[in-house]
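Reading the structure
Letter by letter, the chains look like this.
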Amino acid sequence: MKKVIIVGIAGPSASGKSLFSHTIVNEIGSKHVAIISEDCYYRDLSHLPMEERAKTNFDHPNAFEHDLLSRHLAQLKQGKDIMVPQYDHTCHNRKKEQRQVHNVTIVIIEGILLLAEPTLREQMDIRLFIDTPLDICFIRRLKRDLTERERTLESILTQYKTTVRPMYQQFVEPSKRYADIIIPNGGKNRIAIDTIKTRMCELLSQNGNYDNPLVN
């Protein structure tokens, strides 16, 4: 059985984790690399009215179904397929659709609390932390939530003050000590992108399924 490599990318909200992950995968261009977002594993809140869902602390570990994510990672390492839940941030709930992940050599998981959870951390072969200044993260989050998630300015500011920043200080920032590599300057750090991409290409070649040669 081929070895499946798990790469974990953590960091504060809007630090550039998704950009970093997708830049690498797009440049590698291999169908054997998959990205899984921790956000997909937010707990299903369909039993709650919309007003109650909005009050949830989405930056606390309890907001996630980490046990399901842990089982999925174990299954991928065993060469099995998984069905990843999909999440709709506009209504704070899971979608009906799921996404199949199969036949992968490298799995990138990205999210704010991945390194804070021991059962996830222990399954990772490479642990990265995107260390972006909080003021930049806040500006990015503000723009994103206004345009993509249909939030009001007041709700964004309230959430940031009551949960996002406090949970960062309690859970996210301390988890940085578990990272193998700390990446400054967000998801556009070209040196970090090239370094991780080169290592991933080596791993794909070792498994005999690097199907799209790296273009410099």
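The present account deals with the structure reproduced in this document.

The rules we used
- Residues numbered from 1 in each chain as written.
- Predicted model: local features only at pLDDT ≥ 70, side-chain atom pairs only at ≥ 80, totals over all residues.
- Heavy atoms only, no water.
- 1 Å grid on protein atoms, 1.4 Å probe; cavity = no way out; pocket = protein on both sides within 12 Å on 5 of 7 lines; lining within 4 Å.
- Points joined across faces, edges and corners; volume = space filled by probe spheres on them.
- Helix = DSSP H or I, 4+ residues; strand = E, 2+ residues; numbered from the N terminus.
- Pairing = 2+ DSSP bridges.
- Axes fitted to C-alpha atoms, helices over the stretch in contact; angles between N-to-C directions.
- Contact = heavy atoms within 4.5 Å.
- Polar contact = N/O pair within 3.5 Å; in protein donor to acceptor, adjacent residues only side chain to side chain.

Take empty space enclosed by the protein next. One pass over the full model with this rule turns up one cavity of 30 Å³ or more. Residue lining of the largest cavity: 13 residues in total, with Pro12, Ser13, Val164, Arg165 and Tyr168 positioned closest to the centre. Of all the elements in the fold, those that place two or more residues in the lining of the largest cavity are helix H5 (134-147) and helix H6 (153-172).

Time to look at the sheet that holds strand S5 (residues 106-110). Pairing is parallel in the open sheet, where five strands are placed in the order S2-S5-S1-S6-S7. Here the strands that pair on one side only, and so sit at the sheet edges, are strand S2 (33-37) and strand S7 (181-184). Across the sheet, the mean angle from the axis of one strand to that of its neighbour is 20°, orientation sign disregarded. The pairing of S2 with S5 spans five bridges and is parallel. Within S5, the residue paired with Ile36 across the bridge is Ile109. Contacting strand S1 (5-10), S2, S5, strand S6 (126-131) and S7, helix H1 (residues 17-28) runs over the sheet at an angle of about 160° to S5. On top of the sheet, helix H7 (residues 190-206) reaches S1, S2, S5, S6 and S7; it is set at about 145° to S5, its chief contact.

With that settled, consider the side chain of His89. Take His89: it is sitting in the loop between strand S3 (82-88) and strand S4 (93-101). Within the structure, the side chain of His89 is placed 3.0 Å from the side chain of Asp39, a separation counted as a polar contact. Beyond its immediate chain neighbours, meaning those up to four positions away, His89 contacts Asp39, Tyr42, Arg149 and Arg151.

Geometric values such as these leave the question of function open.
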